[in-house]
Every structure is written in C-alpha cells, then in structure tokens.
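Chain by chain, the residues run as shown.
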Amino acid sequence: MIRFKNIVKKYRTKTIINDFSLHVEGGQLVVFVGPSGCGKTTLLKMINKLIEPTSGKIYVNGKDISTINSIELRRNIGYVIQNTGLFPHMSIKENLELIPKLKGEKDSAQITQKTMELMQMVGMNPEEFLHRYPNELSGGQQQRIGVARAFSTNSDIILMDEPFSALDPVTRGSLQEELFQMQKEYNKTIIFVTHDMDEAIKIADKICLLKDGNILQFDTPENILRNPANDFVENFIGKRRVWNNPELLKSRDIMIHNPVKIIPQRNVLQAIEIMKDNKVDSLLVTDKNNALLGLVTLKGIQLLKRNSIIGEIMERNVLSVRDDANLISVLFTMNEHKTGYIPVVNENNQLIGLITRSSILSALSSQLIDLEVTF
Ligand SMILES: Nc1ncnc2c1ncn2[C@@H]1O[C@H](COP(=O)(O)OP(=O)(O)O)[C@@H](O)[C@H]1O
Ligand SMILES: [Mg+2]
C-alpha cells in the first residue's frame, strides 16, 4: 500500500533520514514512534508530498508518487495534525464537506448524509455542532472533527501526526478507542505518528520504532514488548510493560514444556508406574504424532483392572488451550472449568505443554524478580 524505498533526506549537509525503507500493508494501522526530532513528521509529510525526499522513492498503491499531481494526491489522503487544521472561518459542516466538494461531488443530499454519518462515527451530535465554528468547540471536540474530516476523504490512506498529543488523558483515551474501532470498521491504512509508546501500544497493528531517522524495530506491539531489538528499544518501552499488560503473556510462556505423556496402547498398571516414576497424578494421552487424545488421572484409574487399555478408559474431550492464548483467557478458562491444569496444543492439536497453577506462579514471579533487579 505505502512503500518507502531507500529514502534519504538531507537539510544542507545534515542527514535527517538515512536510507529508510519500509512497507506499510493496506488496512493496517502503523504507528511511527520515537523521540522528538527523530524524523517522524518528515517521513509522514513525504507521503503527501509536503516534503520531497533528497533521494529515494515512495510508492502509494504501487504508483511512484513523484509522478502524481500533489494536489490530487493530497485530496486522496486524509491528514490530521495536532491542532486539527480546521479552517476557522468555516462551520463544522463546511469543514467536513470541503473535500468532497473539492473532489467534484455534486449530490448535496448524499454529501449531507455522509457528514451526518461522520459526526455519528466520532460521537458528536450533528444538530448541536454542525453549524458551530471550530473555536466554539473544545480541543477534544475539534480533534474529533479533524478525525472525521480525514475519514471524509473516502481515501484509503490517513496520515495522523500526533493528533491527540494536546488533549487531556481522558479525551485522549476515548479518541484512541474510537480511532481503533473506526479503523477496524472502515479498514483504512493509517500511519499515526506519536512520541508516546503507550499510545502506540494501544492502537497499533504494527509499530515502527525510530531513532535518528533509522528504524530500530518494525513489528507488532506484542513482539516489540516481548523481544525488544536492543537496549534503546528496551529502555524506550520500559521493563514493566509485560507486568502491566498480562495479556502479553501467552500459554507458551507460562507452560511446562515436557508434560508427562502416555500412548493409548499402554495399560493401567503401566500408567500408574509412569505416574509414580514422574511424581505426577495425571498423564496426557497422545498418539505417535503427539496429537492430544485424552487424559488419565490416578484417581480415575486406580480402581480399574490393571490390564485395562488406556485408550479405552481415558477421559476424552480434554479441555486444552492454544499456544498463543493469553494469560487472562487461560485463567478465565481454568476458573470457568474449575481445573488446576490445562494442556497446551498447537494449531494441529499437538501437545506442546501443560499449564498448572504452579507453572503460572513461577512465570509471574520470574517477571517480578526481573523487575526488582531492573528498578
Ligand atoms: N526545514 C528544515 N530545515 C532543517 N532541519 C529540519 C527542517 N525540518 C526538520 N528539520 C530537522 O529534522 C529533524 C527531524 O524533524 P521531524 O521530522 O520534525 O521530527 P519529529 O517529527 O520526529 O519530531 C529534526 O532534527 C529537525 O530539527
Ligand atoms: Mg513531529
């Protein structure tokens, strides 16, 4: 959708961006995050040709933008900046309808209809606000209109440069939430610039972490938090994140890796021996491909005939969780089914681990110990 290819930007002799290449896929919300002065705004403004690169190319929908008329390009790309950029002498309605009209849309009933929808979308009552002027709105309300206007272009692409930075935390949180939902609903491609990692984590499909015009890491919020590429990233995100975001801990992080297993062809006597040897009171039953078939517990089998075949007496329909299920959902499942352990399987239903109360506790305490050493 948007491709930066070997972008270099120099101001006189100073290189601001040095050989920047990145591909932003369609329908994704990508957040550029990094300290002030690292080149975020410069990169964003290159996409709608407010700034020209010194060298390198940018492609939008496969088309080299240096070959597209700038005005035309900008009409097709929504752009939201910190102080909204609403025209002060136009009413909210006029501001929202400007771009459709500039684009030659004639059907005024249809334009009005669209304006109403946009107002609803950003949670503003049209009757109350459409005929006001921007300075008759609070900062948060103006910013909502700014977001609505970006969505009014009907463009697939929206660029947002620290749009919520000047807002109070509550307004900011609700706009982040709305943006997130709107993006999922309308499937726009959004590049969102911020210097605030918390904001990035809340809304991004992917985060591009920048420093001095270089990409330090480009990945999902989850992967960046779990595996920061280097010390700078780690400091930028802070260690306590996993602790603050328990949903980042996945089954695979909290499971025991080698749960004791048994094949279904064995009998009860052998199962009891295996339990004794391994000091466990249950065994997971798997076939030769390691697919999870069932479960036997000491309590459930100790009164059975010693030569009964495990495959015939095991409990089937064993509850399991996927390896990428998060801690919260695992706890929820365990609680709902009142169980103290739960097998972990991959997408092919192969057993890869076992979560127990004590494995959860040790995963959590290792996080905590990590924290205490760092801070
Ligand atoms: N017109 C300009 N002339 C010289 N330097 C500039 C100009 N515009 C921006 N810069 C410099 O480029 C760097 C990146 O700026 P910018 O993209 O605005 O950073 P960010 O948005 O990440 O805070 C900064 O060091 C800034 O001082
Ligand atoms: Mg900036």
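Data block above holds the structure.
The text that follows walks through the structure, step by step, so that each part is easy to find. (Residues numbered from 1 in each chain as written. Chains lettered and ligands numbered in written order. Predicted model: local features only at pLDDT ≥ 70, side-chain atom pairs only at ≥ 80, totals over all residues. Heavy atoms only, no water.)

1. Some remarks on the overall build of the protein chain
Then, in step 1: Scanning the protein chain for helices and strands turns up 17 helices and 16 strands.
Then, in step 2: Its C-alpha radius of gyration of 28 Å places the protein chain more than 25% over the 21 Å reference for a compact globule of 375 residues.
Then, in step 3: Overall, the protein chain is about 90 × 55 × 40 Å in size when its C-alpha atoms are taken along their principal axes.
Then, in step 4: Each of the 375 residues in the protein chain was classed as buried or not, and the buried ones make up 46%.
Then, in step 5: Long-range contacts, defined here as pairs at least 24 residues apart, represent 62% of the contacts in the protein chain between residues at least 6 apart.
Then, in step 6: Taking the 45 positively charged and 43 negatively charged side chains of the protein chain as two groups, their mean positions are separated by 4 Å. (Helix = DSSP H or I, 4+ residues; strand = E, 2+ residues; numbered from the N terminus. Rg over C-alpha atoms; globule rule 2.2 N^0.38 Å. Buried < 20%, exposed > 50% of the residue type's maximum accessible area, 1.4 Å probe, protein only. Contact = heavy atoms within 4.5 Å. Lys, Arg positive; Asp, Glu negative; His and termini not counted. Charge placed at Lys NZ, Arg CZ, Asp CG, Glu CD.)

2. Let's talk about helix α1 (residues 40–47)
Then, in step 1: Counting buried positions along α1 gives six out of eight residues, so the element sits mostly inside the fold.
Then, in step 2: Of the residues making up α1, those classed as buried are Lys40, Thr42, Leu43, Leu44, Met46 and Ile47.
Then, in step 3: Positioned one or two residues after α1, lysine 49 has a phi angle of 60°, which is positive.

3. Thoughts on unusual backbone geometry
Then, in step 1: One non-glycine residue, lysine 338, lies in positive phi territory at about 50°.
Then, in step 2: By secondary structure assignment, the location of lysine 338 is in the loop between α16 (327–336) and β15 (341–345).

4. Digging into the sheet that holds strand β1 (residues 2–11)
Then, in step 1: Read from one edge of the open sheet, four strands run β2-β1-β4-β5, paired in antiparallel fashion. The sheet terminates laterally at β2 (14–24) and β5 (63–64), the two strands that pair on one side only.
Then, in step 2: Bridge analysis of β1 against strand β4 (residues 55–60) gives five bridges, and the strand direction is antiparallel. For lysine 5, the partnering residue across the bridge sits in β4 and is lysine 57.
Then, in step 3: Packing of α1 onto the sheet brings it into contact with β1, β2 and β4, and relative to β1 it is tilted by some 120°. (Pairing = 2+ DSSP bridges. Axes fitted to C-alpha atoms, helices over the stretch in contact; angles between N-to-C directions.)

5. Here's the deal with the nonpolar core
Then, in step 1: The biggest cluster of nonpolar side chains holds 41 residues, and the ones touching the most others in it are Phe151, Met160, Leu179, Phe192 and Ile207.
Then, in step 2: Take this core: its biggest share by element is five residues, from helix α6 (residues 139–152).
Then, in step 3: Once you skip the residues sitting within four places of it in the chain, isoleucine 207 turns out to touch Val31, Val33, Met197, Ala200, Ile201, Gln217, Phe218, Asp219, Pro221 and Ile224. (Core = buried A, V, L, I, M, F, W, Y, C linked by side-chain atoms within 4.5 Å.)

6. Focus on the site of ligand 1
Then, in step 1: Lining the immediate environment of ligand 1, one finds Tyr11, Lys14, Ile16, Ser36, Gly37, Cys38, Gly39, Lys40, Thr41 and Thr42.
Then, in step 2: The separation between a nitrogen atom of ligand 1 and a polar side-chain atom of tyrosine 11 is 3.4 Å.
Then, in step 3: Residue glycine 39 places a main-chain N or O atom 3.0 Å away from an oxygen atom belonging to ligand 1.
Then, in step 4: Considering ligand 1 on its own, with 560 Å² of exposed area, one finds that the protein chains cover 59% of that surface.
Then, in step 5: Classifying every residue of the shell around ligand 1 by side-chain character gives three nonpolar, five polar and two charged. (Near = heavy atom within 4 Å. Polar contact = N/O pair within 3.5 Å; in protein donor to acceptor, adjacent residues only side chain to side chain. Areas by Shrake-Rupley, 256 points an atom, 1.4 Å probe, with all protein chains shown as cover. Nonpolar A, V, L, I, M, F, W, Y, C, P; charged D, E, K, R; others polar.)

Without other data, these values stay purely geometric and don't point to any function.
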